[in-house]
Amino acid sequence: MKSIYGITLEALEEYFVSKGEKKFKASQTFEWIYKKRIKSFDEFSNVKKDTIELLKKEFVFSKIKLVAKTSDTDVSKYLFELDDSNKIEAVLMNHDYGYSLCVSTQVGCNMGCKFCESGRLKKVRNLYTHEMVEQILAIEELENLRISHVVLMGIGEPFDNYDNVIDFIDIINCPKGIDIGARHITVSTSGLVPRIKDFMNHGKQVNLAISLHAPNNTLRDSLMPINRAYNLDMLFEVLREYIKKTNRRVTFEYILLDGVNDSKECAIELANLVKGMNAYINLIPYNETSHIEFRRTPQDRIMAFYDTLKKNKINVTIRREFGRDVKAACGQLRSNYEEAR
Ligand code: SAH
Ligand code: SF4
């Protein structure tokens, strides 16, 4: 049986049509599950019995299990247990513009970035579409609020789980579904060039963020193994195409690692790399973890790096820090939890 939270409106329409039913039954179903948040087919009071039987024959209501929550000012972190007892996390941030949820897309990650906890844990499996949707539903229900922004920056490489992630985006973006505006959704990738191309052709107005973290191939090779498959030349070629075709701005994420990628030379090299592009750089203070030897760049040198980029007329921001105390960086809760057991 499939989860009702894993199917797009279009696919559900096709299902109904294939059974000789009217297409609009799919919108009706979406209305019940996403607008009214009803969790049983029998409660669809304006839907005919045989339609309900059709739904019951194919779908079930699944629910992700919350096993731990930690909170700090303006941030909460949730640990979920999946049906096969794998664990993932989501992080809720309270911004002045609304609630933003950072969702996980895989159990672990195979990209092996040297600074990242999720990479250290290796990929166990992809998340199903419904497991991503349920992160949103569970937190909205638990906290009695509406999430206005979604970032795919939790555990996992979204573009290594491409089809499920695209369905997830379709469902949460669908006006008849959870209805989160495309411009309020951000996908972050370490740079899987072919999938960036697919994403460009998909045509959704979703924000794209690239984990850059180094301004040249030698350094990026040493931090992010994916760079050996898709180097900066290939990455920037596809990004230039993406910007031209979609008319959208790209975000570059750049973690500052003490003594590794935070020198003035690196800042200048970075400025030259992105100069003239419709892009901006988000500098990320590194969240240190006990298993990885990288250290965060001290504040004064973060500022110096920022100033160099500014002087070179680059659009740059420094990421506001959430949840350092609740270990809200990529993958940290899960590994802490597993160690505690
Ligand atoms: N796999 C995707 C999305 C998840 S990671 C990607 O890499 O883009 C989300 C962001 O968190 C990435 O930019 C990643 O490099 C960053 N990140 C990973 N570990 C971190 C840490 N310890 N401190 C700060 N940022 C971290
Ligand atoms: Fe995977 Fe992203 Fe972590 Fe790299 S930074 S290991 S791609 S989750």
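The rules behind each value
Residues numbered from 1 in each chain as written. Chains lettered and ligands numbered in written order. Predicted model: local features only at pLDDT ≥ 70, side-chain atom pairs only at ≥ 80, totals over all residues. Heavy atoms only, no water. Buried < 20%, exposed > 50% of the residue type's maximum accessible area, 1.4 Å probe, protein only. Helix = DSSP H or I, 4+ residues; strand = E, 2+ residues; numbered from the N terminus. Pairing = 2+ DSSP bridges. Salt bridge = Lys/Arg side-chain N within 4 Å of Asp/Glu carboxyl O. Axes fitted to C-alpha atoms, helices over the stretch in contact; angles between N-to-C directions. Near = heavy atom within 4 Å. Nonpolar A, V, L, I, M, F, W, Y, C, P; charged D, E, K, R; others polar.

A. Just the pairing of strand β10 (residues 185-189), in detail. Most of β10 sits inside the fold, with five of its five residues counted as buried. Of the two faces of β10, the one lined by Ile185, Val187 and Thr189 and the one lined by Thr186 and Ser188 are each fully buried. Relative to β10, strand β9 (residues 147-152) runs parallel, the two being bridged by three bridges. Each residue of the ladder has a partner; that of Val150, found in β10, is Ile185. In this structure, β10 lies alongside strand β11 (residues 207-211), joined through four bridges in parallel fashion. Bridge pairing links Ser188 to Ala209 in β11.

B. Representation of the pattern of salt bridges within the structure. Scanning all chains against the criterion turns up 20 salt bridges. For the salt bridge of Lys123 with Asp160, the shortest nitrogen-to-oxygen distance reads 3.2 Å. Here Asp160 lies in the loop between β9 and α6 (162-173) and Lys123 lies in the loop between α4 (117-121) and β8 (125-126), a separation of 37 residues in the sequence. By relative accessible area, which is 24% here, Asp160 ends up partly exposed.

C. The sheet that holds β9, seen in detail. Pairing within the open sheet is mixed, and its ten strands lie in the order β3-β4-β5-β6-β9-β10-β11-β12-β13-β14. Two strands bound the open sheet, and with one partner strand each, they are β3 (65-72) and β14 (316-318). The average undirected angle you get between the axes of adjacent strands in this sheet is 20°. Note that strand β13 (residues 279-285) and β14 share three bridges and pair parallel. Residue pairing in the sheet places Ile281 in a bridge with Val316 of β14.

D. How the structure looks around the site of ligand 2. Neighbouring residues of ligand 2: twelve residues in total, closest Cys109, Met111, Cys113, Cys116 and Gly119. A breakdown of the residues in the shell around ligand 2 according to their chemical character gives six nonpolar, five polar and one charged.

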